[in-house]
Amino acid sequence: MRAFSFSHLRPARRISSLAAGTALAALLLTGCTTTAEGVQAEAAPVSAEAPAAAQASVARGPFVSAANPLAVEAGMKVLARGGSAVDAAVAIQAVLGLTEPQSSGLGGGAFMMFYDAESGAITVYDGRETAPASATPELFYENGKPLAFVDAVLSGRSTGAPGVVPMLALAQQQHGALAWSDLFGDAEKLAQDGFVVSPRLAGMINGDAPQAKTRWATEYFTKPDGARYQAGETLRNPAYAETVRRIAREGAAALQQGPLAEAIVAAVNEGPRPGALTAADIAGYRPVVREAVCGPYKIYTICVPPPPSSGASILELLAMAEQTPDIDKGPDSPEAWAAFGQLQRLMYADRDRYFGDPAFVSVPVAGLLDPAYVAERAALAPALRGAAPYGVPAGAPNVGADATREPAGTSHLVVVDAKGDAVSMTTTVESLFGSGRMAGGFFLNNQLTDFSMVPTASDGTPAANAVAAGKRPRSSMSPALILDGEGRLIGLLGSPGGSSILAYNAKALIGSLAWGLPLQQAFDLPNLVAKGDGFGADTEGFPKAVRDGMAARGVELRPNTTETSGLHGGLWRNGRWDGAADSRREGVARTQ
C-alpha cells in the first residue's frame, strides 16, 4: 500500500499541509493550526478515456459548478471581470443564500479547500460555527432528558456563531483579485428586484419541514393573498438586499457587530426554548486556517479538510478500497457495490466514534490511515453482517458512544479561475432552512444539533463530539481536491447530504477515477449509503441483476431516507473540463 505522504511530488511543488521534514509512514497529517483575525453554455460532456491522469496542460478556468444557475452566473461574471476563484466563491455564496436558502446562507458555516496553481499549495479554511461561551454538554437536555430532535432544531439553542462570512472574508483578503465590495451586486439585485422560485425551493417552501412553518419562514414565504410562493413566481427579499449591501461595504464586521449581530441574538433569544448566543460570541468568532489531509488513491492524490471535518474518513474508505479487488469490477458488478457498502459500514463506525473538534479531542487520523490498520479493517468486510464495530487505531482516545444526527440542508460549489487557482467549498445552514429563524433576510443555522445529543456513555465517558463552550461540531462536509502524480490539480468535487456526504463523495471518486466514467455519469450513479445495520439506496437506480447479486451477498437494499446527493465538480481531461452537476438537484456546470 502506498504511504500517505508526498515524497512522490515534484520538489518544485508543495502542498501547504506538508510540514518541513514530515514523512509519516502512513499519511500526511494535519499540523498545527492558526487562528485568523477578523477578518450560458453548459460544460460539454467529455469521454472518460485516460481518466484524469497527469496532464501536460495546466487546468485553468473559467469553470464553475454549483447548485443554482443564478449563482453559477454570478460566479462566471466575476471570473469574466478578472476575479479570482475565491472572489467568485463569495459571489456564488451570496446568491445561493438567497435562491437556495434551504441549504446554505450568510447565517451558516462552511469548509473551503483552496489550491494555488503557481505554488501548488493547498490551504483549508474552516468556517464551521462555534458553540456559545455559555454552552454545556447538556445543551439539548430538558428535565434531565435529551430534547426530541425536532424541538432541539427549532430552538434558539441550536444556533452557533456564524462562520461562512468571516471565512470568506479571510480567504478573499488573502486570495482575492477584485475589491470585496464589488462581489455582491448580483445577490443585491436579485434580492431587491426578485428572483424566480425554483421547483426545488417551492417544494421546500410548501413541504412538511417544520422550519418552513416558523413565524419567520411563514412571513417570508407567504404572498399578500395568503398563499405560499410556488415555482415560477417571483420572490423578493429587500432585507437580504440591505444585508449584502452592508456586508459589501463593511466586510465581515457587518455581520459580527452592530445591527445584524443584534438581530441574530434577538432571533435566537426568542422562545420556544431561547438560546444563549450573545453578541460577544458572534463578534469573537474567528475562522481557522488548517492544513489539508491528503492520501493516495490509484495514481492520484486526494486532499480533504482535517477534523472537525470528516474528510479523512473518505481517505480511509479509499485506502480500504485499494485492498478490495471486488471494487474494481465496475458499476455493473454486484460484487463491487456490495464491497462498497461493507467498507462504508467500517468507515462510519470509526468516524462516528472518534471525530470531533481537534481543539477539544485527539482525533487519531494517523492511526486510521495507517496501512496496517487499513488492511486489518478491510479484511473484515467480506464476512461483515450487521453494523460494523469500531476499530482501535494507534492513538485512539478513550471516548464514549456517539449520538449525533445530521439532517438535510447543505450545498457544494467549485470554481477554477484563469490562473488555475481553485476552490472546492461545502457550505450549510445544517437542516432545511436551518433553525427556521431569520435575521437580516437570511436563515440562521441549527449547527449545534450536529453535536452528540447525549454527551456521555453510560459509564460517564464523554463522546468525542459532545457539546462544549467554543467548540466546533463534527461535520461530514468534505470538499475534495484531486491531484496528479506531479501535485497538479486535475479535479475537485463535493456534495451535500448530511452524514451521507462521505458515501456520495466516495462514490463519485471511485466512479470517475477507478471505473473511468465521465464525471456526470459518476455523479448520476445510484446512491448507496451503508451506516449501521442498513443499506439505504436509490433502489430503483440499480438494475435488477445487480440488486439480486447484492442481496445474495447479504446487502439487502432499502430506500435511502437521508438527504439525497447534490454533487458538483469537474475533472481536467484531455485539456478541458469534464464538468458535472448532480441531476438530482438544479445546478449546472459551466465553462463559458
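A short tour of the structure in this document, coming up.

### Here we look at helix 18 (residues 544–552)
Part 1 of the argument: Within helix 18, the full set of buried residues consists of Val546, Gly549 and Met550. In an axial view of helix 18, the angular spread of the buried residues amounts to 100 degrees, which keeps them on one side of the axis. Opposite the buried face of helix 18, at more than 90 degrees from it, the exposed residues are Lys544 and Ala552.
Part 2 of the argument: Where helix 18 is buried, its residues contact helix 13 (334–354) and strand 18 (528–531).
Part 3 of the argument: One or two steps after helix 18, the chain reaches Gly554, where phi turns positive at roughly 85 degrees.

### Regarding the nonpolar core
Part 1 of the argument: Ile302, Trp337 and Ile482 are the most contacted members of the largest nonpolar core, which has 89 residues in total.
Part 2 of the argument: Apart from the residues lying within four places of it in its own chain, the contact partners of Ile302 are Val293, Cys294, Gly295, Tyr297, Leu315, Leu318, Ala480, Leu481, Ile482, Leu509 and Leu513.

### Some points on empty space enclosed by the protein
In this approach the atoms are scanned with a rolling probe the size of a water molecule, which exposes any empty space left behind.
Part 1 of the argument: Of the volumes computed, that of the largest cavity is approximately 70 Å³.
Part 2 of the argument: Taken together, 13 residues line the largest cavity, and the ones lying closest to its centre are Glu406, Thr410, Glu430, Asp450 and Met477.
Part 3 of the argument: Across the lining of the largest cavity, the residue classes tally to three nonpolar, six polar and four charged.
Part 4 of the argument: Taken together, Val90, Leu106, Val165, Leu168, Trp180, Phe184 and Ile247 make up the lining of the second largest cavity.
Part 5 of the argument: In terms of residue class, the lining of the second largest cavity is made up of seven nonpolar, no polar and no charged.

### Some thoughts on the sheet that holds strand 17 (residues 489–494)
Part 1 of the argument: Spatially, the six strands line up as an open sheet ordered 10-11-16-17-21-22, and their pairing is antiparallel. Looking along the sheet, the strands with just one partner apiece sit at the ends: strand 10 (293–297) and strand 22 (576–581). Taken pair by pair, the neighbouring strands of this sheet meet at an average axis angle of 20 degrees, ignoring direction.
Part 2 of the argument: Bridge analysis of strand 10 against strand 11 (residues 300–304) gives five bridges, and the strand direction is antiparallel. Along strand 11, the bridge assignment pairs Cys294 with Cys303.
Part 3 of the argument: Here helix 12 (residues 311–322) sits on the sheet in contact with strand 10 and strand 11, set at roughly 20 degrees to strand 10.

### Quick look at the layout of surface pockets
Part 1 of the argument: Each pocket or cavity is described by its volume, and for the largest pocket that value is around 560 Å³.
Part 2 of the argument: Along the walls of the largest pocket sit 25 residues, with Glu406, Ser499, Thr561, Thr562 and Glu563 positioned nearest its centre.
Part 3 of the argument: Secondary structure elements with two or more residues in the lining of the largest pocket: helix 6 (199–205), strand 18, strand 19 (534–537) and strand 20 (558–559).
Part 4 of the argument: The leading source of residues in the lining of the largest pocket is strand 19, at three residues.
Part 5 of the argument: Residue classes in the lining of the largest pocket are distributed as nine nonpolar, ten polar and six charged.

### Re the environment of Ala466
Part 1 of the argument: Looking at the secondary structure, you find Ala466 in the loop between strand 15 (442–443) and strand 16 (480–483).
Part 2 of the argument: Owing to a relative accessible area of 8%, Ala466 belongs among the buried residues under this scheme.
Part 3 of the argument: As for Ala466 and Pro479, which are separated by 13 residues in sequence, their C-alpha atoms are 24 Å apart.
Part 4 of the argument: In this structure, Ala466 is in contact with Phe451, Ser452, Pro455 and Lys471, ignoring residues within four places of it in sequence.

### What to know about unusual backbone geometry
Part 1 of the argument: Residues Gly61 and Pro62 are joined by a peptide bond in cis, for which omega reads 15 degrees.
Part 2 of the argument: Mapped onto the elements of the fold, Pro62 is located in the loop between strand 1 (34–35) and strand 2 (63–66).
Part 3 of the argument: Backbone geometry at Lys298 places phi at a positive 55 degrees, although glycine is not the residue there.
Part 4 of the argument: Positionally, Lys298 belongs in the loop between strand 10 and strand 11.
Part 5 of the argument: The residue Glu430 is not glycine, and still its phi comes out positive at about 85 degrees.
Part 6 of the argument: Mapped onto the secondary structure, Glu430 falls in the loop between strand 13 (422–428) and strand 14 (438–439).
Part 7 of the argument: For Glu430, a relative accessible area of 3% translates into the label buried.

### Some details on the pattern of salt bridges
Part 1 of the argument: Evaluation of the coordinates by the stated rule reveals 31 salt bridges.
Part 2 of the argument: The partner of Asp326 in a salt bridge is Lys329, and the shortest N-O contact between them spans 3.0 Å.
Part 3 of the argument: Here Asp421 makes a salt bridge to Lys419, at a shortest N to O gap of 3.6 Å.
Part 4 of the argument: Linked by salt bridges that have partners in common, Glu188, Glu242, Arg245, Arg246, Arg249 and Glu250 make up one network.

### Focus: the state of the cysteines
Part 1 of the argument: All chains considered together, the criterion is met by one disulfide.
Part 2 of the argument: Between the sulfur atoms of Cys294 and its disulfide mate Cys303 the distance is 2.1 Å. With the S-S dihedral at roughly 115 degrees, the linkage between Cys294 and Cys303 falls on the right-handed side. Neither residue differs from the other here; Cys294 and Cys303 are each classed as buried.

### Concerning the sheet that holds strand 18
Part 1 of the argument: Spatial ordering of the open sheet is given by 18-19-20, a layout of three strands whose pairing is mixed. Of all strands in the sheet, those bounded by a partner on one side alone are strand 18 and strand 20.
Part 2 of the argument: Across the sheet, helix 13 touches strand 18 and strand 19, and the angle it forms with strand 18 is around 45 degrees.

### What to know about the packing of helix 13 against helix 16 (residues 501–514)
Part 1 of the argument: Where helix 13 meets helix 16, the axes come as close as 11 Å, and the angle between the chain directions of the two elements is 140 degrees. Classified by the interaxial angle, the pair formed by helix 13 and helix 16 is oblique. The handedness of the crossing between helix 13 and helix 16 is right-handed. For the pair formed by helix 13 and helix 16, the contact residues are Trp337, Phe340, Gln344, Met347, Tyr348 and Arg351 on the first element and Leu502, Ala503, Ala506, Lys507 and Ile510 on the second.
Part 2 of the argument: Counted by class, the contact of helix 13 with helix 16 contains eight nonpolar, one polar and two charged residues.

### Observations concerning the packing of helix 12 against helix 13
Part 1 of the argument: Taken N-terminus to C-terminus, the directions of helix 12 and helix 13 make an angle of 140 degrees; their axes are 9 Å apart at the nearest point. Note that helix 12 runs across helix 13; the crossing there is right-handed. Facing helix 12, whose interface residues are Ser313, Ile314, Glu316, Leu317, Met320 and Ala321, helix 13 presents Phe340, Leu343, Gln344, Leu346, Met347, Asp350 and Arg351.
Part 2 of the argument: The residue makeup of the contact of helix 12 with helix 13, split by class, is eight nonpolar, two polar and three charged.

The rules behind the values
- All residue numbers refer to position in the chain's written sequence, counted from 1.
- Since the coordinates come from a predicted model, pLDDT governs what is reported: local features require at least 70, and pairs of side-chain atoms require 80 or more to be given and counted, while whole-chain, interface and lining totals use all residues.
- Processing note: side-chain calculations cover all non-hydrogen atoms of the structure and skip hydrogens and water entirely.
- Type-normalised accessible area, obtained with a 1.4 Å probe on protein chains alone, sets the label of each residue: buried when under 20%, exposed when over 50%, and partly exposed for intermediate values.
- Each helix is a run of DSSP H or I of at least 4 residues and each strand a run of E of at least 2, with the numbering of both proceeding from the N terminus.
- Directions drawn from the helix axis to the C-beta atoms are what define this arc.
- When checking whether two residues touch, look at their non-hydrogen atoms; a contact exists if any pair is within 4.5 Å.
- Throughout this description, the term nonpolar core refers to a set of buried Ala, Val, Leu, Ile, Met, Phe, Trp, Tyr and Cys residues connected via side-chain atoms within 4.5 Å.
- A pocket, in this scheme, is an open set of points on a 1 Å grid over the protein atoms alone with protein on both sides within 12 Å along at least 5 of 7 lines, while a cavity is a set where a 1.4 Å probe fits but cannot get out; residues line either one if an atom lies within 4 Å of a point.
- Grid points are joined across faces, edges and corners, and a volume is the space filled by probe spheres set on the points.
- For this classification, Asp, Glu, Lys and Arg are treated as charged, while Ala, Val, Leu, Ile, Met, Phe, Trp, Tyr, Cys and Pro are nonpolar and the rest, including Gly, are polar.
- Whether two strands pair depends on DSSP finding at least two bridges between them.
- Where helices are involved, their axes are fitted lines through C-alpha atoms of the stretch in contact, as for all axes, and angles between N-to-C directions lie from 0 to 180°.
- Definition used for salt bridges: Asp or Glu carboxyl oxygen within 4 Å of a side-chain nitrogen of Lys or Arg.
- The disulfide criterion used throughout: a pair of cysteine sulfur atoms within 2.5 Å.
- Should an angle fall under 35 degrees it is called roughly parallel, over 145 degrees roughly antiparallel, and 65 to 115 degrees roughly perpendicular, with every other angle called oblique.
- Left-handed describes a crossing in which the near helix is turned anticlockwise from the far one by less than a right angle; the clockwise case is right-handed.

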